Amino acid sequence: MTEEYLFTFRTSHEVFKAEKDIKTLHNVHYKLIPTPREISSECGFSLILNKCQVNFSYKHVYSIKKKKGKIYYEKNN
Amino acid sequence: MKKIIDTSGLSCPQPVILTKKALKEPPNTTIQVLVDNETAKKNVLRFLTFSGITDVEVSTENSLMEINFSVPSENTNGSHKKSSSDKQKTFSKSSASSKQGTISKDIEIEQSSNFTAVCDIPVTTGKTYLISSSVFGEGEEKLGNLLMKGFLYSLTQLDEIPKAVIFINSGVFLTTTDNSDLIENLKDLENKGTDIVSCGTCLDYYNIKDSLKVGYISNMYSIVEMISNETKLIRI
């Protein structure tokens, strides 16, 4: 299974910019979701990607791990 | 010519089988199917949608629900066409299980296969959401779009699955969008038992009826009924 990464952002403008940049790339599947409660209690959006190396600015990147049906986010930076 | 099929008291999948038989009636025959439970109603409605019959009226008389439609002149029912390239969308039980029981998936299979009604649609007791815009809240459209995407994703994560999500006015852009993530979320809800309903007049007005990707089309009468009968309604 492909490993997935979750990127958080400083502002919603950064999210729009990142989504725009990703759309120009091939073979990068992304999903835009509200930032999970485990990561932030603030209203924000995150991107889930199947690649870690991308050229947009973000706040943090997390590896998405699944253990016993539960999802965990492991901070990488 | 009108034919009434009373399925009250019959157990699943009999209502669908009788509806399927009714499609063999001469073209333009008006068919009225009477059902006495939600599962039968959902099954018959989905069967009609997948048989290409979209002009369906649903009303509730006493404890019975009426489903009215006409046999199409060019019948799309499997038994009427011989071409092997013709496909009929039918329901099939998925072997996958979820916490709510069996997930039902609509699978497109060859017409020679037998139609299987989904008898174990989870009965949802959740809230009904009326979405009257393609954006969430007032303000910048770009932000409204983002918030709506997030809102619909979050609905899929609720413990209590919504009973229905009704899309009216520009809300119908959400059930016809090319955004596969959004459609995936709505299909996820539908598979869990949520009714995904789009306003027919609205789809027609925006000329996007053919682009409907999830759920079924309904008219103002059924929408009013769905809203009126609901004590747990949230308007977005």
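Residues numbered from 1 in each chain as written. Chains lettered and ligands numbered in written order. Predicted model: local features only at pLDDT ≥ 70, side-chain atom pairs only at ≥ 80, totals over all residues. Heavy atoms only, no water.

## Quick notes on the overall build of chain B
- Looking only at helices and strands, chain B has six helices and eleven strands in total.
- Of all 236 residues assigned to chain B, the portion counted as buried reaches 46%.
- Residue pairs at least 24 apart in sequence account for 72% of intrachain contacts in chain B once pairs closer than 6 positions are excluded.
- With an accessible surface of roughly 12000 Å², chain B has 48% of that area assigned to carbon and sulfur atoms. (Helix = DSSP H or I, 4+ residues; strand = E, 2+ residues; numbered from the N terminus. Buried < 20%, exposed > 50% of the residue type's maximum accessible area, 1.4 Å probe, protein only. Contact = heavy atoms within 4.5 Å. Areas by Shrake-Rupley, 256 points an atom, 1.4 Å probe, with all protein chains shown as cover.)

## What to know about the sheet that holds strand β5 (residues 70-75) of chain A
Residues and elements named next belong to chain A.
- Strands sit in the order β2-β3-β1-β4-β5 across an open sheet of five strands; the sheet is antiparallel. Two strands close off the open sheet at either side, each with one partner strand: β2 (30-34) and β5. Going across the sheet, the axis of each strand differs from the next one's by a mean of 30 degrees, ignoring polarity.
- Summarising the sheet, strand β4 (residues 60-67) and β5 pair through six bridges and their orientation is antiparallel. If you follow K67 over to β5, its bridge partner there is K70. (Pairing = 2+ DSSP bridges. Axes fitted to C-alpha atoms, helices over the stretch in contact; angles between N-to-C directions.)

## Comments concerning the sheet that holds strand β9 (residues 195-199) of chain B
Residue and element names in this part refer to chain B.
- Strand order in this open sheet of five strands is β10-β9-β8-β7-β11, and the pairing throughout is parallel. The open sheet is flanked by β10 (216-218) and β11 (233-235), the only strands paired with a single partner. Pairs of neighbouring strands in the sheet enclose a mean axial angle of 25 degrees, with direction left out of account.
- Sheet topology note: the strand β7 (residues 128-131)/strand β8 (residues 164-167) ladder contains four bridges and is parallel. Paired with I131 across the bridge in β8 is F167.
- Sheet contacts for helix α3 (residues 141-156): β7 and β8; angle to β7, the most-contacted strand, approximately 165 degrees.

## Here's the deal with the pattern of salt bridges
- Following the criterion strictly, the structure yields eight salt bridges over all chains and no others.
- For E14(A), the salt bridge goes to R10(A), with nearest N and O atoms at 3.2 Å.
- Given a relative accessible area of 54%, R10(A) falls into the exposed group.
- Among the salt bridges present, the one from K213(B) reaches D178(B), with a minimum N-O distance of 3.3 Å. Residue K213(B) is located in the loop between α5 (200-205) and β10, and its partner D178(B) is located in the loop between β8 and α4 (180-191); the two are separated by 35 residues in the primary sequence.
- Residue D178(B) is classed as exposed on the basis of its relative accessible area of 71%. (Salt bridge = Lys/Arg side-chain N within 4 Å of Asp/Glu carboxyl O.)

## What about the interface of chain A and chain B?
- Taken residue by residue, the interface counts nine residues in chain A and ten residues in chain B.
- Interface of chain A and chain B: buried area, both sides summed, is about 960 Å²; carbon and sulfur atoms make up 72% of it.
- Together, F16(A), K31(A) and F45(A) form the three largest contributors to the area buried by chain A at its contact with chain B, with a combined 49%.
- Our count for the contact surface shared by chain A and chain B stands at one salt bridge.
- For the salt bridge of K149(B) with E19(A), the shortest nitrogen-to-oxygen distance reads 3.4 Å.
- Linking chain A to chain B there are one residue pair in polar contact (both at pLDDT 80 or more).
- Listing elements by their share of the side of chain A that touches chain B, those giving two or more residues are α1 (12-23) and β2 of chain A.
- Take the side of chain A that touches chain B: its biggest share by element is five residues, from β2(A).
- Split into classes, the residues belonging to the side of chain A that touches chain B amount to six nonpolar, one polar and two charged. (Buried area = accessible area lost by both parts, 1.4 Å probe. Polar contact = N/O pair within 3.5 Å; in protein donor to acceptor, adjacent residues only side chain to side chain. Nonpolar A, V, L, I, M, F, W, Y, C, P; charged D, E, K, R; others polar.)

## Looking at the packing of aromatic side chains
- In total, this model carries eight aromatic pairs over all chains according to the counting rule given.
- Aromatic side chains F136(B) and F151(B) sit 5.1 Å apart centroid to centroid with 70 degrees between the ring planes, which places their arrangement in the edge-to-face category. Remark: F151(B) occurs in helix α3 and F136(B) occurs in the loop between β7 and α3; sequence separation between them is 15 residues.
- Feature note: the residues F7(A), F9(A), F56(A) and Y58(A) constitute an aromatic cluster, connected by ring pairs.
- If you follow K67(A) out to its NZ or CZ, it ends over the ring of Y72(A), 5.6 Å from the centre.
- Sitting above the plane of the F16(A) ring, K142(B) keeps its charged end 4.6 Å from the centroid. (Phe/Tyr/Trp six-rings, centres within 6.5 Å; stacked < 30°, edge-to-face > 60°. Lys NZ or Arg CZ within 6 Å of the ring centre and 35° of its normal.)

In short, geometric facts, not functional conclusions.
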